[in-house]
Every structure is written in structure tokens, then in C-alpha cells.
Amino acid sequence: MIRSLLRRPLLPLFAFPLLAAPAPLPAQTGGAPYQIDGRGFTRLQDAVDAIGEGEGTIRIAPGYHRDCAVQTAGVIAFVAAEPGRAIFDGVTCEGKAALVLRGEGARIDGVVFQNMRVPDGNGAGIRLERSDLEVANSLFRNSEQGILTADDPQATLAIDRSTFSRLGRCDRGLSCAHSVYTGIYGRVVVTRTRFEKGSGGHYLKTRAITVDVNDNSFDDTQGTGTNYMIDLSSGSTGRITNNLFVQGRDKENYSAFIAVAAEERKNPSRGLVVEGNRASLPAGIGRNSVFVADWSGEALAIGANQLGAGLARFEKR
């Protein structure tokens, strides 16, 4: 079963150049690494401040950028001049992330975030503290978290055609970190995205009121010490559809693939749609699991899903 499931392409097409080893990129040494309408900036924060309360696009040159910025106003697009070759590497602002976003909205396109670590164990590529965010064609890898948000019940986080690899941790007596972890956002949309090789925590943990998780791959075959593929910690409505899930062998918690309201019942979950997904356990693993584990006690709309051997469709907990 696992072999047949893996025949489906697990990566969005854009991700192959991101994950393949590119030609070595130099650190930025000549010219301005950040451009706004032809005007150059040597520091990302200066470019962000130049937009201020307005709207603008910052084009990011290829190379390794040991830099970070905090957005406090305006609507800003951070766009790689060459997708997959603008790499933010290991530098965080406010002890949080390479990009700390609390303006009126932001968009990220074609950017790589890697090697983010901070003392509290929540080092992320992006810390989203308010407002809408769109992320597309981007790669988050080898960090404590990919994206971490605060609460904004009126806002939407949308992730499309991106990859989250070697993220998460549960160690040092600190709260766990996850590939993506959102607070109580109004809506979280994840489409055509790959999660893989988790190093702890959950792949997608969200307290969003509504979710739309469609046409993604959750490949845990090389994960270490991971937990749920999707954790709707506070409950959620919406849909989880047309995704591919493969659980790995090295699990901290293998008891379920999708967890609904495991921590609290703050959001309604009635009518949450889970259908059209494919899921499997490793061949010969000798253990069982549950595809959807529910603590909400509400009526979920679990439709037809293709489940491999050893997987139960549903369990009320």
C-alpha cells in the first residue's frame, strides 16, 4: 500500500528546484540586496521602513541574507527576484523570526528560510502577529518552526505551493514547536504544499476557526519524534480534503493522523469535512492507528477516504 501511495508526486512542481542542491550562492557583497521600484537598500529593515504605512514590494536578490526585519505598518510583499535563491539564513529579529509581521498585511513569494533558532525554542522563518498573510512558492527548512502566529480571528493565513522540511522540536523542557503553528486565526488555507522530515511536534497545528487543507502531502517517512499530521487543537470547521498522508516509524505519538479538539473545544467542529484523502502506515510496522481522532463530541462529516492496513477510520476520545 505505501508503495502505491508514493507513486503520486509528493512535491509541488515548483519545489524541485528549491530542494535540489542549487549552485552555491555567495553572500551579498555587491549592489543593494533589496529593491523597491529601483531604489536599493542594504538592510531589509530600511526597505520595510521606507514603505511605512503604504503599500509596496521588496524584491530580494539571490544570495544568503543574514538579515531580518519587523513590519509594524503597511502592506508589504517580500518577493524573491529569483524564486528559491533568496535565502534568509539563521538571523532573527526580536528573538522570534527572520520576518516579524504585525502590519496591515503581507505576502511572501519564492523565499527560503533556514536555520532559525532562538533561546525559547520557537525560532521561525515567519512570526505573524496580526493581519492577513499569503505565502507562496517558499521553503522553510532546518529550523525550530516554519511559521508561528498569534491570534487574529478576523484574518486569514494562506499557504500555497510551499515546502516545510526538517522542522519542529519537543526537547529541553520547553513547549513543543511545529512546522506550522497558528493561534486563533479566522481562516487557515493550505494548498498544494509538502510537509516532510519533521523533527518533533506536529506538522500542521492550528487553532483556526475555519480550515481549508486541500491537495497537500504529509510525508512522515523520514520524520523523527513527530506527533499528529494535523492537529486542530481547539476544534475547527471547514475541510481536509484530497491530501496524502504517510506515517513514519519514528513517532512520539502515533495514535492518530488528524486530531480534532484534543486540547480544548473553543471552536465549533460540527460539519468538518474529511474526505478524498489517502493515508497509510509503514509496511510491516506492526502497530495500528486512527485516521481521525475526535475530542469535540460533535458530528463530523467524514466521507470516503482511502486508508491503508491498520488504520481505523474514526475514534471518539
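Keep in mind it's a predicted model, so treat the numbers as computed, not measured.

Thresholds applied
Residues numbered from 1 in each chain as written. Predicted model: local features only at pLDDT ≥ 70, side-chain atom pairs only at ≥ 80, totals over all residues. Heavy atoms only, no water. Disulfide = S-S within 2.5 Å. Helix = DSSP H or I, 4+ residues; strand = E, 2+ residues; numbered from the N terminus. Buried < 20%, exposed > 50% of the residue type's maximum accessible area, 1.4 Å probe, protein only. Pairing = 2+ DSSP bridges. Contact = heavy atoms within 4.5 Å. Axes fitted to C-alpha atoms, helices over the stretch in contact; angles between N-to-C directions. Core = buried A, V, L, I, M, F, W, Y, C linked by side-chain atoms within 4.5 Å.

Enquirer: Help me get a handle on the state of the cysteines, residues and values and all.
Expert: A complete count under the given rule lists 2 disulfides for this structure. Disulfide pairing places Cys68 opposite Cys93 at an S-S distance of 2.0 Å. Taking the torsion about the sulfur-sulfur bond, which here is approximately 85°, the covalent link between Cys68 and Cys93 counts as right-handed. Placement of Cys68 in the loop between β4 (63-65) and β5 (69-71) and of Cys93 in the loop between β7 (86-89) and β8 (97-101) is noted, with a sequence separation of 25 residues between them. Residue Cys68 is classed as buried on the basis of its relative accessible area, which comes to 10%. The disulfide partner of Cys170 is Cys176, and the S-S distance across this bridge is 1.9 Å. Between Cys170 and Cys176, the S-S torsion sits near 125°, and that sign places the bridge as right-handed. Taking relative accessible area as the criterion, Cys170 reaches 26% and is therefore assigned partly exposed. Cysteines bonded in the protein are numbered consecutively along the chain; their disulfide partners then correspond to 1-2, 3-4.

Enquirer: So what about the sheet that holds strand β3 (residues 55-60)? Which residues, and what values?
Expert: Strands in a sheet are paired, the pairing made by backbone hydrogen bonds, and the direction either parallel or antiparallel. Taking strand neighbours across the sheet as the criterion, the 12 strands line up as β2-β1-β3-β6-β9-β12-β15-β18-β21-β24-β27-β30 in an open arrangement whose pairing is mixed. Bordering the open sheet on either side are β2 (39-41) and β30 (301-302), each of which pairs with just one other strand. In the sheet, strand β1 (residues 34-36) pairs with β3 via 2 bridges, with the strands oriented antiparallel. Looking at β3, one finds that Tyr34 is bridged to Ile60. Helix α3 (residues 44-51) contacts β1, β2, β3 and β6 (75-80) of the sheet and is inclined by roughly 160° relative to β3.

Enquirer: Kindly report on the nonpolar core, identifying the contributing residues and their values.
Expert: Ranked by internal contacts, the top residues of the largest apolar core, which has 63 residues, are Ile58, Phe78, Ile126, Phe245 and Ile258. The greatest single-element share of this core, amounting to 4 residues, is contributed by α3. In contact with Ile258, other than residues within four places in its own chain, are Ile230, Ile240, Phe245, Val274, Phe291, Val292 and Ala293. Of all hydrophobic cores here, the second largest spans 6 residues; its members include Cys68, Ala97, Val100 and Ala124.

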